[in-house]
Amino acid sequence: MGFQCSLSIVVASTPMKLFRLFSSVFLMTMSAASLAQARLDVRIKPANPQLKANVEGYVGDLGERDAQALRNFSLGAEQQAEKAAQALGYYQAQIDSEIKDGEQPSLVINIQPGEPIHLRNVVIRVEGPAAAMKAFRVPSSDALKSGAVLNHGNYEDAKRLIQNQASRYGFFSGHFTSQRLAIDPRAGVADIELVYESGPRYTLGKVMFSGDAPFDDDLLKRMVPFKENTPYDSQLIAELTQAMQGSGYFEGVRVDAAPTAAENQVIPVTVQLETRKPRTMGLGLGYSTDVGPRGKANWTRHWANPQGHSYGFESEISAPRQNIGLWYDVPLDPPLTDKMRYAGGYQYEEIAGTDSLSKLLTAGPEWHSKLPSGWERVISLKWQREEYRLGDDAGLSTLLMPGISYSYLRSDNRIDPHQGYRLQFDTQVAKEGLLSDANLVHANVLLKGLTTVAQNHRFLGRVQFGGNLTDGYTSIPPSLRFFAGGDQSVRGYDYQKLSPTNSDGDRIGGRYMFAGSVEYQYSIADKWRLATFVDQGNSFNSLDKPDLKTGVGFGVRWVSPVGPLRLDLAHALDDEGGIRLHFSMGPEL
């Protein structure tokens, strides 16, 4: 009987407990649901947007609070508003608050800021060796001059600027001998005194390399952009890291230059290197309306010996043109920008629908270097042998041509620039009898520019000019003659269609070439642009009143990870060809 009575109590009480539990959960849920997001309303008379934003930042998000919770919070909110006002120099602000109930309760903070504190005496000075450095800037903005309104943020920024520069330029034992901000709220003035003693400037010691890099120390040392005992500059450490990463030899680079490891203000520099795989191969497919579908292949041995030599090949195959090139690079000093390249290649080209053929074999050394001015220079000696046919002109040309080229690129982005320009000049010469069968001066000029106005409006310009000076033009092979027309020349005309012709109408190339373009692009979305353009140019044999052809059109641009893809519809104004489609890709500059 006892067992039956006990069981009956348990069974009876369990539903009651469950009912109370679910009731509590339901009430808590309903209570939470009834809370709305509270609103902060900062009212300042006279209006002061900067102060309003600062108060809102100090008070923060009110979250889900009812009117009573806001009343409990209001005192703390007024204290935060007072701190926000003082941070901007308002030490006489009158602040009160009120609560407005409703579906969305709000906390209203009323502020009368009063007259702000003004700076009276301002002393900001750097002492020690840093004071003699032009690059070490002493904060001197108008906001820190006598008469300016006190702003605690400007005071802290001044201290931070001095400390950051000390860290960048190696004044690691520097300290403030005085950092005082004295405020007199009654007089309405404040005095600033910041005096920084820099101490000695640390220097960069010997650079030590470790890891699995199978290279001569001499090669690695030539990659270091500074000499031992150079005054410390964190930018030099960044340049060292970039140099190692950009060499093409390494997969991982870690540079350590810890001031805590310094001895007698000399910081040791250690570079941990992880060598990349020695060989890479690439395959690719592409398309342009000039040559149609094309395939590309390349293979590179990134380092062949401890001296950092490298070699490889690259090839391109399309319907009109097939070529292969071989190269062998020897790094010079500095190895990241200067090298001696020994190159050779073979190209077969036959333009469809024309009576033209070229079989070109080339070989020769190239000395690549980057000048202190930023110009890139290539001095070359190229031997070329070309078997060709251009209409009635056919033959076998052999030329030995020393040449020089200069190029300069200024761009804010390699893939998709918004501002920048490219300058490029090159010339080659040949002398009959010196392993050449013709006298020749061959020259090219390329100028390209890009500017962006109001973010969405882009203006591009391009000018190309080329010329041949020779007393035996019929013996000049097609690879050195000039043609115009196509995606990268004058749109609206077929590839290499603009050219002087012989008596049979065969295009045989000109002594000179000019091509120019003006293009406007408008951004309609993050990666999409509309474009309109005018191109003009031709190739010709005389500079007296050349007959320039004009093409106009419009297109669309999509910015891909490898550069813009361009799809254009162009109309030749001086030809009956109608509308021509052009497709190309690559950076604008």
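Residues numbered from 1 in each chain as written. Predicted model: local features only at pLDDT ≥ 70, side-chain atom pairs only at ≥ 80, totals over all residues. Heavy atoms only, no water.

## Brief notes about the overall build of the protein chain
Convention followed: Numbering of helices and strands runs from the N terminus, with a helix taken as a DSSP run of H or I at least four residues long and a strand as a DSSP run of E at least two residues long. Each radius of gyration reported is based on C-alpha atoms, and the globular scaling rule is 2.2 Å times the count of residues to the power 0.38. Only heavy atoms enter the contact rule, under which two residues are in contact if any of them lie within 4.5 Å. Calculation of accessible area relied on Shrake-Rupley with a 1.4 Å probe; when residues are assessed, cover is drawn exclusively from the protein chains displayed.
Of the regular secondary structure elements, the protein chain holds 6 helices and 26 strands. For 589 residues, the compact-globule formula gives about 25 Å, and the C-alpha radius of gyration of the protein chain, at 37 Å, lies well above that figure. Its C-alpha atoms put the protein chain at 115 × 75 × 70 Å along the principal axes. Contacts in the protein chain between residues far apart in sequence, at least 24 positions, make up 56% of those at least 6 positions apart. For the protein chain, the exposed area adds up to about 31700 Å²; of that, 55% sits on carbon and sulfur atoms.

## Here's the deal with the side chain of arginine 566
Stated formally: Using a 1.4 Å probe on the protein chains alone, a residue whose accessible area is under 20% of its type maximum counts as buried, one over 50% counts as exposed, and one in between counts as partly exposed. Two N or O atoms form a polar contact when they lie within 3.5 Å of each other; inside protein one atom must be a possible hydrogen donor and the other a possible acceptor, and for residues adjacent in sequence the pair counts only when both atoms belong to side chains.
Mapping arginine 566 onto the fold places it in strand β25 (residues 563-572). Look at arginine 566 and you get buried, because its relative accessible area is 9%. Of note is the side chain of arginine 566, whose polar atom sits 2.8 Å from the backbone oxygen of glycine 586. Beyond its immediate sequence surroundings of up to four residues, arginine 566 is in contact with Gln488, Val556, Arg557, His582, Phe583, Ser584, Met585, Gly586, Pro587 and Glu588.

## Digging into the sheet that holds strand β8 (residues 230-231)
The test is simple: Two strands qualify as a pair provided that DSSP identifies no fewer than 2 bridges between them. Note on definitions: angles span 0 to 180 degrees between N-to-C directions of axes, and those axes are lines fitted to C-alpha atoms, for helices only across the stretch in contact.
Taken in spatial order, the 4 strands make up an open sheet running β8-β7-β10-β9, and their pairing is mixed. In this open sheet, the two strands that pair with only one neighbour each are β8 and β9 (250-256). Where β9 and strand β10 (residues 266-275) come together, 6 bridges link them in antiparallel fashion. Counterpart to aspartate 256 in the pairing with β10 is threonine 270. Docked against the sheet, helix α6 (residues 234-246) engages β7 (203-211), β8, β9 and β10, running at close to 165° with respect to β9.

## Comments concerning unusual backbone geometry
The linkage connecting lysine 45 with the following residue, proline 46, adopts the cis geometry, with an omega of -5°. Within the secondary structure, proline 46 is located in the loop between β1 (39-44) and α2 (49-59). Each neighbour pair has its own omega, and for aspartate 333 with proline 334 the value is 0°, a cis peptide bond. With respect to the helices, strands and loops of the structure, proline 334 is situated in the loop between β14 (321-331) and β15 (339-349). Not every positive phi belongs to a glycine, and alanine 454 is a case in point at roughly 55°. As for its position among the elements, alanine 454 is in the loop between β20 (440-453) and β21 (457-469). Here alanine 454 falls in the exposed class, since its relative accessible area comes to 59%. Residues other than glycine seldom take positive phi values, yet lysine 545 does so here, at roughly 50°. The topology assignment puts lysine 545 in the loop between β23 (528-540) and β24 (549-560).

## Observations concerning a nonpolar patch on the surface
Cut-off, in case you're wondering: What goes into a patch is any residue over 30% in relative accessible area without a salt bridge, connected to like charges within 9 Å or, for nonpolar side chains (Val, Leu, Ile, Met, Phe, Trp, Tyr), within 5 Å. Salt bridges are defined by distance alone: a side-chain nitrogen of Lys or Arg within 4 Å of a carboxyl oxygen of Asp or Glu.
A contiguous nonpolar surface patch, about 440 Å² in accessible area, is contributed by Phe425, Val445, Leu447, Val463, Phe465 and Leu543. Of all the elements in the fold, those that place two or more residues in the nonpolar patch are β20 and β21. Assignment of secondary structure puts valine 445 in strand β20. Classification of valine 445 as partly exposed rests on a relative accessible area of 30%.

## A look at the pattern of salt bridges
Applying the stated criterion across every chain, the model contains 26 salt bridges. One salt bridge connects aspartate 568 with arginine 491, and the closest N-O pair in it is separated by 3.1 Å. On the criterion of sequence distance, the pair formed by aspartate 568 in strand β25 and arginine 491 in the loop between β21 and β22 (512-523) is long-range, its members being 77 residues apart. There is no split in this pair, since aspartate 568 and arginine 491 are both buried. It is possible to trace a salt-bridge network through shared partners that takes in Arg491, Glu519, Asp535, Arg557 and Asp568.

## A look at the environment of threonine 177
Considering the arrangement of structural elements, one finds threonine 177 in strand β5 (residues 175-184). Assessed through its relative accessible area of 48%, threonine 177 is described here as partly exposed. In this view, threonine 177 contacts Val195 and Glu197; residues no more than four positions away in its chain are not counted.

## Some words on the nonpolar core
The test is simple: As used in this record, nonpolar core signifies buried Ala, Val, Leu, Ile, Met, Phe, Trp, Tyr and Cys residues forming a set joined through side-chain atoms within 4.5 Å.
If you look at the biggest cluster of nonpolar residues, it comprises 24 residues, and the most contacted ones within it are Leu240, Met244, Phe250 and Val271. Elements with a contribution of two residues or more to this core: β7, α5 (217-222), α6, β9 and β10. Ignoring sequence-local partners within four residues, the contact set of leucine 240 consists of Met223, Val224, Pro225, Phe226, Val255, Val269 and Val271. Counting 21 residues, the second largest nonpolar core, distinct from the first, contains Phe171, Phe176, Leu194 and Tyr196.

## What to know about the packing of aromatic side chains
Any aromatic ring pair is given by two values, namely how distant the centres are and how the planes are angled relative to each other. Basically, it comes down to this: Here a Phe, Tyr or Trp ring, Trp counted by its six-membered ring, pairs with any other such ring whose centre lies within 6.5 Å, and the pair is stacked when the planes are under 30 degrees apart, edge-to-face when over 60, and tilted otherwise. Any Lys NZ or Arg CZ that is within 6 Å of a ring centre and within 35 degrees of that ring's normal is treated as a charge sitting over the ring.
Scanning all chains against the criterion turns up 18 aromatic pairs. Summarising the aromatic geometry, the rings of phenylalanine 176 and tyrosine 196 are spaced 5.0 Å apart at their centres and angled 75° between planes, so their arrangement reads as edge-to-face. A residue pair is termed long-range when its members are at least 10 positions apart, and phenylalanine 176 in strand β5 and tyrosine 196 in strand β6 (residues 189-197) qualify at 20 residues. Between phenylalanine 215 and tyrosine 249, the ring centres sit 4.8 Å apart and the planes meet at 40°, which makes this aromatic pair tilted. Within this pair, whereas phenylalanine 215 is found in the loop between β7 and α5, its partner tyrosine 249 is found in the loop between α6 and β9, the two being separated by 34 residues in sequence. With respect to burial, phenylalanine 215 and tyrosine 249 carry one shared label: buried. The structure contains a cluster of three or more aromatic residues connected by ring pairs, namely Phe215, Tyr249, Phe250 and Trp303. It is arginine 377 that lies over the ring of tryptophan 367; its NZ or CZ is 5.0 Å from the centre. Sitting above the plane of the phenylalanine 533 ring, arginine 491 keeps its charged end 3.7 Å from the centroid.

## With respect to the packing of α2 against helix α3 (residues 67-87)
This is how the line gets drawn: Here the angle decides the label: under 35 degrees means roughly parallel, over 145 means roughly antiparallel, 65 to 115 means roughly perpendicular, and every other value means oblique. If you view the pair so one helix is near and one far, a crossing is left-handed when the near helix is turned anticlockwise from the far one by less than a right angle, and right-handed when it is turned clockwise. Side-chain classes are defined by residue name, with Ala, Val, Leu, Ile, Met, Phe, Trp, Tyr, Cys and Pro counting as nonpolar, Asp, Glu, Lys and Arg as charged, and the others, Gly among them, as polar.
Between α2 and α3, the shortest axis-to-axis distance is 8 Å and the interhelical angle comes to 135°. Classified by the angle their axes make, α2 and α3 are oblique. Judged by the twist between their axes, the crossing of α2 over α3 is right-handed. In this structure, α2 contributes Leu51, Asn54, Val55, Tyr58 and Val59 to the contact, and α3 contributes Phe73, Ala77, Gln80, Ala81, Lys83, Ala84, Ala85 and Ala87. Here the contact of α2 with α3 is built from residues that sort into 10 nonpolar, 2 polar and 1 charged.

## Comments concerning the sheet that holds β1
One open sheet accounts for 3 strands, arranged β1-β3-β2; its pairing is mixed. Each edge of the sheet is formed by a strand with only one pairing partner; in this case those strands are β1 and β2 (94-100). Each neighbouring strand pair of the sheet contributes to a mean axis angle of 20°, computed without reference to strand direction. Pairing between β1 and strand β3 (residues 106-112): 6 bridges, direction parallel. By the bridge assignment for β3, isoleucine 44 is matched with isoleucine 111. Here α2 sits on the sheet in contact with β1 and β3, set at roughly 145° to β1. Running over the sheet, α3 touches β2 and β3 and is turned about 160° from β2.

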